[in-house]
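Reading the structure
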Amino acid sequence: MPLPRPAAGTTRWWVVGGVGCLLAVAAIVWFGITTTVGQVRAEVTAYDVRGDDAIVVEYDVHRPAGTAVRCAVTALDSRHGRVGTLREDIAASGPTSVHRVVTVRTGARAVTGVVESCVRLGS
């Protein structure tokens, strides 16, 4: 069965709608790329609770080349309260992706470790 043809005089609106959809998709892709390029991001790869007073957190930092970064690594208890925080500076030299292992001292038993923030240092 052949597909029905659009009504006479509506072809122009089908073209306008198609071009509009393509422009909308292009704008969304452009916005997504421009908001993520050059950003600093961190992800926890592992953590190990070492008792009531310490947790070891392993994490990766991805940053633009030549960017110094300060990361805040936080230990959380079972109620998601902070029980310890460590701030660590990562020098601008070296690769763009860096693997770090830190020990966070805690005031109570932690159940998880998170990277709360990583921000650029300087301008």
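Attention in this report is confined to the structure presented alongside it. This is a predicted model, so every value here is computed, not measured. (Residues numbered from 1 in each chain as written. Predicted model: local features only at pLDDT ≥ 70, side-chain atom pairs only at ≥ 80, totals over all residues. Heavy atoms only, no water.)

1. Examining the overall build of the chain
For the record, the criterion: The secondary structure listing takes helices from DSSP runs of H or I that are at least 4 residues long and strands from runs of E that are at least 2 residues long, numbered from the N terminus. This radius of gyration counts C-alpha atoms alone. The globule rule is 2.2 Å times how many residues there are, raised to the power 0.38. Each residue is assigned to one of three classes by its accessible area relative to the maximum for its type, calculated with a 1.4 Å probe on protein chains only: buried under 20%, partly exposed between the two thresholds, exposed over 50%. In short, Shrake-Rupley with a 1.4 Å probe defines the accessible areas, and a residue's cover is counted only from the protein chains shown. Within this scheme the basic residues Lys and Arg register as positive and the acidic residues Asp and Glu register as negative, but His and the chain ends are omitted. Charged side chains are reduced to one point each, which is NZ for Lys, CZ for Arg, CG for Asp and CD for Glu.
Helix and strand content of the chain: one helix and six strands. Along the chain, helices (α) and strands (β) appear in the sequence α-β-β-β-β-β-β when read from the amino end. Taken over the C-alpha trace, the chain has a radius of gyration of 24 Å; the compact-globule value for 123 residues is 14 Å, which it surpasses by more than 25%. Seen through its principal axes, the chain has C-alpha atoms that stretch 75 × 35 × 25 Å. Relative to its 123 residues, the chain shows a buried fraction of 27%. Carbon and sulfur atoms make up 60% of the accessible area of the chain, which amounts to about 8,500 Å² in all. Positive and negative side-chain charges in the chain, numbering 13 and 10 respectively, have mean positions lying 12 Å apart.

2. Some thoughts on the nonpolar core
In plain terms, the rule: What we call a nonpolar core is a set of buried Ala, Val, Leu, Ile, Met, Phe, Trp, Tyr and Cys residues that are connected through their side-chain atoms within 4.5 Å.
Val-57, Tyr-59, Val-61, Cys-71, Val-73, Val-104 and Cys-118 are the most contacted members of the largest nonpolar core, which has 17 residues in total. Those elements that place two or more of their residues in this core are strand E2 (54-62), strand E3 (69-76), strand E4 (82-90), strand E5 (97-105) and strand E6 (112-120).

3. Structural notes on the state of the cysteines
As a reminder of what qualifies: Counting rule for disulfides: a pair of cysteine sulfur atoms within 2.5 Å.
Across all of its chains, the model carries one disulfide by this definition. Through a disulfide, Cys-71 is tied to Cys-118; the S-S separation comes to 2.0 Å. Taking the torsion about the sulfur-sulfur bond, which here is approximately 110 degrees, the covalent link between Cys-71 and Cys-118 counts as right-handed. One end of the pair, Cys-71, is in strand E3; the other, Cys-118, is in strand E6, and 47 residues separate them in sequence. Here Cys-71 and Cys-118 have matching classes, each one buried.

4. Focus on the side chain of Thr-74
The condition is simple: Polar contact is defined as a pair of N or O atoms within 3.5 Å, subject to the rule that within protein one atom must be able to donate a hydrogen and the other to accept it, and that residues adjacent in sequence are counted only when both atoms are side-chain atoms.
Take Thr-74: it is sitting in strand E3. For Thr-74, a relative accessible area of 1% puts it in the buried group. One polar contact links Thr-74 to Glu-116, side chain to side chain, over a distance of 2.6 Å.

5. Observations regarding the pattern of salt bridges
We apply this condition: Salt bridge, as used here, is a side-chain nitrogen of Lys or Arg placed within 4 Å of a carboxyl oxygen of Asp or Glu.
On inspection of all chains with the given rule, the structure shows seven salt bridges. When the shortest N-O distance is used, the salt bridge between Asp-53 and Arg-105 registers 3.6 Å. Placement of the pair is Asp-53 in the loop between strand E1 (41-49) and E2 and Arg-105 in strand E5, with a sequence separation of 52 residues. Relative accessible area serves as the criterion here: at 37%, Asp-53 is assigned to the partly exposed category. The exposed category is assigned to Arg-105, whose relative accessible area is 57%. With its nearest N and O atoms 2.7 Å apart, the salt bridge here joins Asp-89 to Arg-70. One end of the pair, Asp-89, is in strand E4; the other, Arg-70, is in strand E3, and 19 residues separate them in sequence.

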